[in-house]
Amino acid sequence: METNILVAGFGGQGVMTIGKFLASAACDATDKYITFFPSYGAEQRGGTANCYVVISDEEIGSPMTDEMDDMIVMNGASLNKFLPMLRTGGRLFVNSSIVKEEIGRSDITVVKAPVTDMALELGNSKVLNIIMMGVYLGYTEVLPVDVVWSTIEHKLGKKPALLPLNRMAFEQGLQIGRAERA
Amino acid sequence: MEKIYERTKLIQADKVSGFCPGCMHSTIGKLIGEALEELGVLEKTFLITGIGCCGLHIDYVRCDNTTAAHGRACAVATGMKRSRPDSIYITYQGDGDLASIGLAETMHAANRGENITVIFVNNGIYGMTGGQMAPTTLVGMKATTAPKGRDPKEHGYPMHMCEILNQLTAPYYLERCSCNNPKNLMQTKRAIKKAIQNQIDGKGFSMVEIVTSCPTNWGMSAMDALDFLEDNMLKEFPLGVVRDRSKEE
Amino acid sequence: MARVLMKGTEAIAEAAVRSGLRFFAGYPITPQNEIPEYLARRLPEVGGHFVQGESEIASVNMVYGAGCAGERAMTSSASTGISLKSEGISYCAAARIPMVYVNVSRGGPGVGTIQPSQMDYLQATKASGNGGFRMRVFSPSTVQEAVDMTYKAFDYADQDRNPVLILSDGVVGTMMEPVELPPMRTDEELAAIRESKKAWAGIGHPFDVPRSWNQPGIWDTLKWEQQNKDNAALYESWVPEVETLDLEDAELVIAAYGISARIAKAAIKALRAEGYKVGMIRPKTVSPYPYAAYDEINYDTCKAVLDVEMAIPALHLWDVEKGVKDRCPIETCLRSGGIVIQKREIIAAAKKILG
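Residues numbered from 1 in each chain as written. Chains lettered and ligands numbered in written order. Predicted model: local features only at pLDDT ≥ 70, side-chain atom pairs only at ≥ 80, totals over all residues. Heavy atoms only, no water.

Okay, the overall build of chain B next. Regarding its fold elements, chain B presents nine helices and seven strands. With the principal axes as the frame, chain B shows a C-alpha extent of 50 × 50 × 35 Å. Buried positions account for 56% of the 249 residues belonging to chain B. Of all intrachain contacts in chain B linking residues separated by at least 6 positions in sequence, the fraction that spans at least 24 positions is 69%. (Helix = DSSP H or I, 4+ residues; strand = E, 2+ residues; numbered from the N terminus. Buried < 20%, exposed > 50% of the residue type's maximum accessible area, 1.4 Å probe, protein only. Contact = heavy atoms within 4.5 Å.)

Here it is, written out as structure tokens:
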């Protein structure tokens with residue numbers, strides 16, 4: 001069993017953090033093979049950002065294939081660029097606050113969540129990625145929720161004041177993901 | 001009979017120098033040896049020579065040594081001194097080495113205030129490679145790569161390394177000396193000794209620039225070269241202390 | 001030992017510190033910036049020194065100095081920066097000064113692209129500077145391998161008194177994988193290592209013992225020829241490291257190293273599952289190169305050797321040809337320019353050969 005995940009969006013949307021947290025949680029909680037690969041460009045700010053996470057029971061070949069099982073897309077440009085890489089039967093998680101385009105594929109599962117709007121309602125636009133992680137985990141259950149949360153807690157260790165907000169963001173995402181799954 | 005003079009232990013006893021007549025490299029080698037002996041650090045000293053005639057010293061000295069790649073002596077000394085702060089590291093470089101191909105390494109070691117001693121031998125010409133133009137070649141002075149003489153319109157002007165490094169905040173001690181007469185020679189020795197003492201005391205970057213002659217590539221006799229040095233080189237490169245932070249302490 | 005998720009570059013840096021690295025000089029260039037950044041934080045914690053050099057050239061010459069003084073020293077860069085370092089690498093090889101350097105290679109030639117590539121193969125394995133010296137060159141396929149190879153690279157560098165290269169690439173350098181880190185060498189171990197170098201280290205010696213004379217050249221041509229002979233004998237003594245897979249019955253053998261090899265391995269697994277008999281030769285040291293591994297191929301059954309690499313024109317191919325010695329055809333499957341080769345491309349190339 002091997003899961004190839006792509007996370008893509010604008011720089012500044014916390015795309016790399018989603019990938020890194022997933023990989024860290026998988027490393028902490030399982031004995032599986034894991035890779036996290038950030039695609040890198042020359043721009044420091046404002047470009048598109050995307051990263052690849054592979055979680056597998058066996059040795060991983062490429063940490064960045066062009067055939068994805070799951071895809072988390074945070075903006076329209078990323079959808080257009082990467083959607084052809086999602087395999088038939090793959091799962092697409094979309095930030096519907098920003099991505100207004102028609103998905104136009106019937107061979108995949110689409111889970112929509114307005115994570116930018118939700119983050120603004122929570123009072124901090126930066127937590128959109130934590131909400132999206134919740135959505136993804138609530139739907140896929142690819143990793144145990146408590147393990148991922150403790151990874152987030154650990155990574156936010158230097159800013160404990162932010163924990164309650166992130167917890168709320170994570171929970172709201174989980175609810176959407178679980179509801180979609182049901 | 002009382003022995004009142006002995007050759008410095010830095011130089012191998014059985015060696016006769018192969019430097020050209022009138023060249024001051026052997027004199028400077030002697031001064032460095034005497035300074036190290038008087039300071040009692042001869043046997044924990046490492047010599048990093050530059051490329052060119054400077055490198056001939058490796059065959060004469062008894063101390064540990066290496067030849068740095070062209071111009072990189074200050075970078076090599078940086079790596080050595082940081083790793084072994086208790087040893088004494090001296091670079092010995094000519095004008096092409098220190099001021100042309102190694103300008104970046106020299107400037108940045110000075111700017112970091114590396115605790116090393118730099119001996120800069122400036123004779124205004126490339127020696128070993130055969131008389132090519134150096135960054136310190138005087139205006140009008142002929143070189144094999146400036147056959148009509150240095151023309152400022154084409155080649156710019158001689159570079160004054162002490163003054164250039166004096167623009168930086170970190171260097172501790174910069175002095176320009178010469179070996180063209182006994183008085184200047186004694187001052188050169190005092191400067192070298194001070195530059196080494198600064199390293200022992202952990203004061204940082206010290207450089208002694210020594211204006212010398214190259215009779216072979218200047219195309220002169222040794223005596224004429226001394227006159228040329230006095231009348232021309234020292235006009236362009238005035239002697240004296242350019243920076244001494246100890247005076248500010 | 002618990003596993004931790006680490007980025008390739010940072011894992012290399014930490015492995016180096018654990019192996020005894022105490023002096024690093026480097027200059028920024030993508031995609032290896034995390035090595036100097038990590039060591040700028042880490043080395044002072046262990047009493048080591050980090051210097052950001054004014055250039056690649058200055059950095060490698062600082063490492064020449066530190067290595068000459070008997071310290072475990074390293075520099076790192078990427079492709080075009082490695083070209084600048086070739087001066088100092090050649091000097092280390094000439095003066096027999098131990099040092100380790102890392103190339104997190106990117107697309108070439110010239111400034112090329114900053115994305116992963118394997119375009120520096122010939123530079124890394126055949127001529128990393130002027131003068132015909134050789135080095136041990138390790139090529140990791142995983143972050144764990146990068147750690148293990150870096151850790152032992154310092155031992156080889158000291159043992160040989162010669163530079164050792166870790167030839168990585170933008171994927172192994174920038175990806176994160178779980179790793180188990182090797183133990184930290186103790187102060188006692190490091191003191192013993194320094195003591196072992198004392199006879200030749202440039203630290204200043206009492207005049208009643210022979211001076212340390214670390215010269216990258218001498219005037220005497222006969223002596224220098226003798227040194228070249230001694231160096232050549234040293235290079236000959238090295239034993240290559242290689243991983244081979246299912247060569248006995250293989251109808252196709254894939255030859256690949258580094259990042260290409262791990263992707264090829266996944267392709268082979270898929271091909272085997274479909275009944276295709278595919279084997280593999282993966283050099284772990286690309287210098288010395290494991291030519292003898294090609295003698296293990298059963299040329300009665302093997303239709304071809306497929307060279308898979310991220311380089312156009314093919315470069316690893318030069319060594320594959322030397323290993324195969326015309327015993328079967330050689331095909332290639334190549335990407336370049338910073339594009340990472342895909343498993344399906346390798347599978348397609350294999351099926352084309354096997355029919």
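Residue and element names in this part refer to chain C. Viewed as axis vectors pointing N to C, helix H1 (residues 8–19) and helix H6 (residues 143–160) meet at an angle of 30 degrees, and their least axial separation amounts to 8 Å. Classified by the interaxial angle, the pair formed by H1 and H6 is roughly parallel. Relative to H6, H1 is oriented so that their crossing is right-handed. Between H1 and H6, the contacting residues are Gly8, Ala11, Ile12, Ala15, Ala16, Arg18 and Ser19 on the first element and Val143, Ala146, Val147, Thr150, Tyr151 and Phe154 on the second. (Axes fitted to C-alpha atoms, helices over the stretch in contact; angles between N-to-C directions. Parallel < 35°, antiparallel > 145°, perpendicular 65-115°, else oblique. Left-handed = near helix turned anticlockwise from the far one by under 90°.)

On to the interface of chain C and chain A. Contacts between the two partners involve 25 residues from chain C, matched on the other side by 25 residues from chain A. Here chain C meets chain A over a buried area of about 1,900 Å², counting both sides, of which 56% is carbon and sulfur. Taken as a group, C:Arg3, C:Leu5 and C:Met176 account for 30% of the area that chain C buries against chain A, more than any other trio of residues on that side. Between chain C and chain A we count three salt bridges in total. Of the charged contacts in the structure, one is a salt bridge between C:Lys265 and A:Glu59, with a shortest N-O distance of 3.4 Å. In this assembly, chain C and chain A are joined by 10 residue pairs in polar contact (both at pLDDT 80 or more). (Buried area = accessible area lost by both parts, 1.4 Å probe. Salt bridge = Lys/Arg side-chain N within 4 Å of Asp/Glu carboxyl O. Polar contact = N/O pair within 3.5 Å; in protein donor to acceptor, adjacent residues only side chain to side chain.)

We now examine the domain arrangement of chain C. Residue and element names in this part refer to chain C. The domain boundaries assigned to chain C delineate domain 1 (4–198 + 228–237) and domain 2 (242–354). For domain 1 versus domain 2, the distance between C-alpha centres works out to 27 Å. Across the boundary between the two partners, domain 1 contributes 27 residues, which contact 27 residues of domain 2. Approximately 2,200 Å² of surface area, both sides summed, lies buried where domain 1 meets domain 2, with 54% of it carried by carbon and sulfur atoms. When the area that domain 1 buries against domain 2 is broken down by residue, the three leading residues are Gln118, Met119 and Tyr121, summing to 33%. The tally of links between domain 1 and domain 2 comes to three salt bridges. A salt bridge links glutamate 177 to arginine 262; the shortest N-O distance between them is 3.0 Å. Elements that contribute at least two residues to the side of domain 1 that touches domain 2 include exactly strand E6 (113–116), helix H5 (121–125), strand E7 (136–138), H6, strand E8 (163–169) and helix H7 (170–174). (Domains from an automatic or database assignment.)

Residue and element names in this part refer to chain B. All chains considered together, the criterion is met by seven cavities of 30 Å³ or more. There is about 60 Å³ of room inside the largest cavity. Every residue lining the largest cavity is listed: Leu10, Gly29, Ile32, Leu36, Thr45, Leu47, His57, Val61, Cys63 and Tyr92. Where the lining of the largest cavity is concerned, the elements lending two or more residues are helix H1 (25–39) and strand E1 (45–49). Counting residues per element, the lining of the largest cavity draws most heavily on H1, at three residues. In terms of residue class, the lining of the largest cavity is built from seven nonpolar, three polar and no charged. (1 Å grid on protein atoms, 1.4 Å probe; cavity = no way out; pocket = protein on both sides within 12 Å on 5 of 7 lines; lining within 4 Å. Points joined across faces, edges and corners; volume = space filled by probe spheres on them. Nonpolar A, V, L, I, M, F, W, Y, C, P; charged D, E, K, R; others polar.)

The terminal C-alpha atoms of helix H1 (residues 15–29) of chain A lie 22 Å apart, and with 15 residues this matches the ideal 21 Å at 1.5 Å per residue to within 8%. Every buried residue of H1(A) is accounted for by A:Val15, A:Ile18, A:Gly19, A:Phe21, A:Leu22, A:Ala23, A:Ser24, A:Ala25, A:Ala26 and A:Cys27. (Expected span 1.5 Å × (residues − 1).)

To continue, consider helix H3 (residues 56–68) of chain C. Residue and element names in this part refer to chain C. With 13 residues, H3 extends 18 Å from end C-alpha to end C-alpha; this agrees with the ideal 18 Å at 1.5 Å per step. Most of H3 is tucked away: 13 of the 13 residues are buried. Residue serine 55 occupies the N-cap position of H3, its side-chain oxygen lying 3.3 Å from the main-chain nitrogen of isoleucine 57. A positive phi of about 95 degrees marks glycine 70, the residue just after H3.

Before going further, it helps to spend a moment on the layout of surface pockets. All names here are of chain A. Roughly 570 Å³ of volume is contained in the second largest pocket. Surrounding the second largest pocket, 18 residues form its lining, Thr17, Asn129, Leu156, Lys159 and Leu162 being those nearest its centre. Of all elements in the fold, only H1 and helix H4 (128–140) reach the threshold of two or more residues within the lining of the second largest pocket.

Going residue by residue along strand E2 (residues 64–67) of chain B, you find B:Asp64 and B:Thr66 tucked away on one face and B:Asn65 and B:Thr67 tucked away on the opposite face as well. Pairing geometry for E1(B) and E2(B), over four bridges, is parallel. Paired with B:Thr49 across the bridge in E2(B) is B:Thr67. Of the strand pairs in this sheet, E2(B) and strand E10 (residues 213–214) of chain C are connected by two bridges, and their pairing is parallel. From the neighbouring strand, B:Thr66 faces E10(C), where its bridge partner is C:Asn214. (Pairing = 2+ DSSP bridges.)

Turning our attention to the interface of chain C and chain B. With 34 residues of chain C in contact, the opposing surface of chain B contributes 38 residues. Here chain C and chain B share an interface that buries about 2,900 Å² over both sides, 54% of which is from carbon and sulfur atoms. If you look at where chain C meets chain B, you find three salt bridges. At the junction of chain C and chain B, the tally comes to 24 residue pairs in polar contact (both at pLDDT 80 or more). Of all elements in the fold, only strand E3 (49–52), H3, helix H4 (80–95) and E10 of chain C reach the threshold of two or more residues within the side of chain C that touches chain B. It is H3(C) that contributes the most residues to the side of chain C that touches chain B, eight residues altogether. Looking at the side of chain C that touches chain B, its residues break down into 18 nonpolar, 11 polar and five charged.

Moving on: the packing of aromatic side chains. Any two aromatic rings considered together are summarised by their centre-to-centre distance and by the angle between their planes. Following the criterion strictly, the structure yields 14 aromatic pairs over all chains and no others. A ring pair is formed by A:Phe37 and A:Tyr52, whose centres lie 6.4 Å apart and whose planes are at 40 degrees; its orientation type is tilted. Placement of A:Phe37 in strand E2 (residues 33–39) and of A:Tyr52 in strand E3 (residues 48–56) is noted, with a sequence separation of 15 residues between them. Under the relative-accessibility criterion, A:Phe37 is labelled buried at 2%. Considering the side-chain rings of C:Tyr121 and C:Tyr257, the 5.1 Å spacing of their centres and the 45 degrees angle between planes classify their relative orientation as tilted. Taken together, the positions of C:Tyr121 in helix H5 and C:Tyr257 in the loop between strand E12 (252–255) and helix H10 (258–273) put the pair 136 residues apart, joining distant regions of the chain. Take C:Tyr121 and C:Tyr257: they sit in the same class, and that class is buried. Of the aromatic side chains, those joined through ring pairs into one cluster are A:Phe93, A:Tyr136 and A:Tyr139. If you follow A:Arg167 out to its NZ or CZ, it ends over the ring of A:Trp149, 4.6 Å from the centre. (Phe/Tyr/Trp six-rings, centres within 6.5 Å; stacked < 30°, edge-to-face > 60°. Lys NZ or Arg CZ within 6 Å of the ring centre and 35° of its normal.)

Quick look at the side chain of A:Thr116 now. Residues and elements named next belong to chain A. Structurally, threonine 116 is set in helix H3 (residues 115–122). The exposure class of threonine 116 is buried, given its relative accessible area of 18%. Threonine 116 has contacts with Asn95, Ser97, Ile98 and Leu128, leaving out every residue within four places of it along the chain.

To continue, consider the nonpolar core. Among soluble globular proteins, nonpolar side chains are generally buried collectively. B:Ile48, B:Phe205, B:Met207, C:Tyr294, C:Ile297 and C:Val305 are the most contacted members of the largest nonpolar core, which has 79 residues in total. The element that contributes the greatest number of residues to this core is H3(C), accounting for seven residues. When residues are assigned to domains, this core turns out to be shared by domain 1 (4–198 + 228–237) and domain 2 (242–354) of chain C, each giving three or more. Among all residues touching C:Val305, those that are not within four sequence positions of it are C:Leu252, C:Val253, C:Ala255, C:Tyr294, C:Ile297, C:Val320, C:Val324, C:Cys328, C:Pro329, C:Ile330 and C:Glu331. Of all hydrophobic cores here, the second largest spans 77 residues; its members include C:Leu21, C:Tyr38, C:Ala153 and C:Val171. (Core = buried A, V, L, I, M, F, W, Y, C linked by side-chain atoms within 4.5 Å.)

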